Amino acid sequence: DKTYSYEEVFALSDELFSSCERGVVLLLCKKDFGTVVGYVGSLRHNLVPLLIDSEAREEASARQIEMYRPRYIFAPAQSPCFSGYQLKATFFSYVLLERSDGQNVRVAEKLCLLLPTSGSTGDPKCVRMSAKNISSCTKSVCNYLGMGMHRRSVSLLPFHYSYGLSVLHNTMHARGSIVLSQASVLKRDFWQLLEDHKVTDFSAVPFIFETIKRMRFSDTLLDNFVCMTQAGGRLDPKLTKHFFEICSANNISYFTMYGQTEACP
């Protein structure tokens, strides 16, 4: 129900983080404008975002705080209280908290982003990424997918997940646009949103493709779509063929991709 320019996003993020010093900032992510501003602002002000799901159990955030001792926490205002942190700023429905004991850890010079990954062990660890990692990968993907300012994606995948974050990175690098929504792919409202806002790019994981395999895309959606990508696991070859044929018949580029948090979003 509202549109923001890149200039506005940068101005708001700069205002939010202007007095912050370098350190780790724990970002409790949602698929909304607050998360985007918090993420962009932390990068612009030389902070190191550590991204986790805002819906994760309280023990998950407590574990990350214990392991990484973040200097700041950026979280939805309704999040549980964080012991040892005090309010520094508010932004829409988010709060920025600062560690109150002043015991801040040193952060490696090249470190830019921390993304948790459980791998095959189920024991969450963080992958460490530099600005060069992010820039190199983003430019490569944008070039391969032919991204440009005319492209419009949608926040179907969460931003704390490397594939979802890659969609955000690619969109922003190309200065395209992204529709932010919490809507479920199972609801008619989601598909109506894609039609209303002329979304051109659809990126999803196997579970989503399996869920929508019997769905008939409207002519409006097929006319608007420019690119469809699939990653996040193996998709049954029959389903790959199914969606490839739909895309091929409608002049839509289709990519089955392989991604890995360690390879950078």
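Residues numbered from 1 in each chain as written. Predicted model: local features only at pLDDT ≥ 70, side-chain atom pairs only at ≥ 80, totals over all residues. Heavy atoms only, no water.

Student: I'm lost on the overall build of the protein chain in this one. Help?
Tutor: When helices and strands are tallied, the protein chain shows 9 helices and 12 strands. Here the protein chain has a C-alpha radius of gyration of 19 Å; the compact-globule value for 265 residues is 18 Å, and the two agree. Structurally, the protein chain occupies a C-alpha span of about 60 × 40 × 35 Å along its principal axes. Every one of the 265 residues in the protein chain was classed for burial, and the buried ones make up 48%. In the protein chain, 68% of the contacts between residues at least 6 apart in sequence involve partners at least 24 apart. With the model as given, the accessible surface of the protein chain reaches about 14000 Å², and the carbon-plus-sulfur share is 50%. For the protein chain, the distance from the average site of its 29 positive side-chain charges to the average site of its 26 negative ones is 5 Å. (Helix = DSSP H or I, 4+ residues; strand = E, 2+ residues; numbered from the N terminus. Rg over C-alpha atoms; globule rule 2.2 N^0.38 Å. Buried < 20%, exposed > 50% of the residue type's maximum accessible area, 1.4 Å probe, protein only. Contact = heavy atoms within 4.5 Å. Areas by Shrake-Rupley, 256 points an atom, 1.4 Å probe, with all protein chains shown as cover. Lys, Arg positive; Asp, Glu negative; His and termini not counted. Charge placed at Lys NZ, Arg CZ, Asp CG, Glu CD.)

Student: I'm lost on the sheet that holds strand E11 (residues 227–230) in this one. Help?
Tutor: The strands that make up a sheet pair up through hydrogen bonds in the backbone, lying either parallel or antiparallel. Taking strand neighbours across the sheet as the criterion, the 3 strands line up as E10-E11-E12 in an open arrangement whose pairing is parallel. Single-partner strands in this sheet number two, and they are strand E10 (201–204) and strand E12 (253–256). Between one strand axis and the next, the sheet turns through 10° on average, direction left out of account. The sheet contact formed by E10 and E11 spans 4 bridges and is parallel. Its bridge partner lying in E11, alanine 204 is registered against glutamine 230. (Pairing = 2+ DSSP bridges. Axes fitted to C-alpha atoms, helices over the stretch in contact; angles between N-to-C directions.)

Student: Is there a simple way to think about helix H4 (residues 131–145) in this case?
Tutor: One full turn of an α-helix is made of 3.6 residues, so residues set three or four places apart face in the same direction. In this model, H4 (15 residues) spans 21 Å end to end at C-alpha, consistent with the 21 Å of a helix rising 1.5 Å per residue. The set of residues buried in H4 consists of Ile134, Cys137, Thr138, Cys142 and Leu145. The buried residues of H4 occupy one face: seen down the axis, they fall within an arc of 130°. Residues Lys132, Asn143 and Tyr144 are exposed on H4 and point more than 90 degrees away from its buried face. Considering only its buried residues, H4 is in contact with strand E6 (111–117), strand E7 (125–130), helix H5 (162–173), E11 and E12. Where H4 terminates, the next one or two residues include glycine 146, which has phi positive at roughly 65°. (Expected span 1.5 Å × (residues − 1). Arc of directions from axis to C-beta.)

Student: Even after reading the chapter, I still don't get the side chain of arginine 71, so can you show me in this structure?
Tutor: Counting through the fold element by element, arginine 71 comes out in the loop between helix H3 (58–68) and strand E3 (72–76). In this structure, arginine 71 is in contact with Glu21, Arg22, Gly23, Val24, Tyr85, Leu97, Glu98, Arg99 and Asn104, ignoring residues within four places of it in sequence.

Student: Looking at this structure, I do not really get the packing of aromatic side chains. What am I missing?
Tutor: Two descriptors summarise a pair of aromatic rings, namely the distance from one centre to the other and the angle between the planes of the rings. In total, this model carries 17 aromatic pairs according to the counting rule given. Pairing phenylalanine 17 with phenylalanine 74 gives two aromatic rings, centres 6.1 Å apart and planes at 50°, and the pair type is tilted. Of the two residues, phenylalanine 17 is situated in helix H1 (residues 6–17) and phenylalanine 74 in strand E3; the sequence distance between them amounts to 57 residues. Across the pair, exposure class does not vary: phenylalanine 17 and phenylalanine 74 are buried alike. Connected via pairs of aromatic rings, a cluster forms that spans Phe190, Trp191, Phe202, Phe209, Phe217, Phe225 and Phe243. Sitting above the plane of the tyrosine 4 ring, lysine 2 keeps its charged end 5.1 Å from the centroid. For arginine 175, the ring lying beneath its charged end belongs to tyrosine 6, and the centroid distance is 4.7 Å. (Phe/Tyr/Trp six-rings, centres within 6.5 Å; stacked < 30°, edge-to-face > 60°. Lys NZ or Arg CZ within 6 Å of the ring centre and 35° of its normal.)

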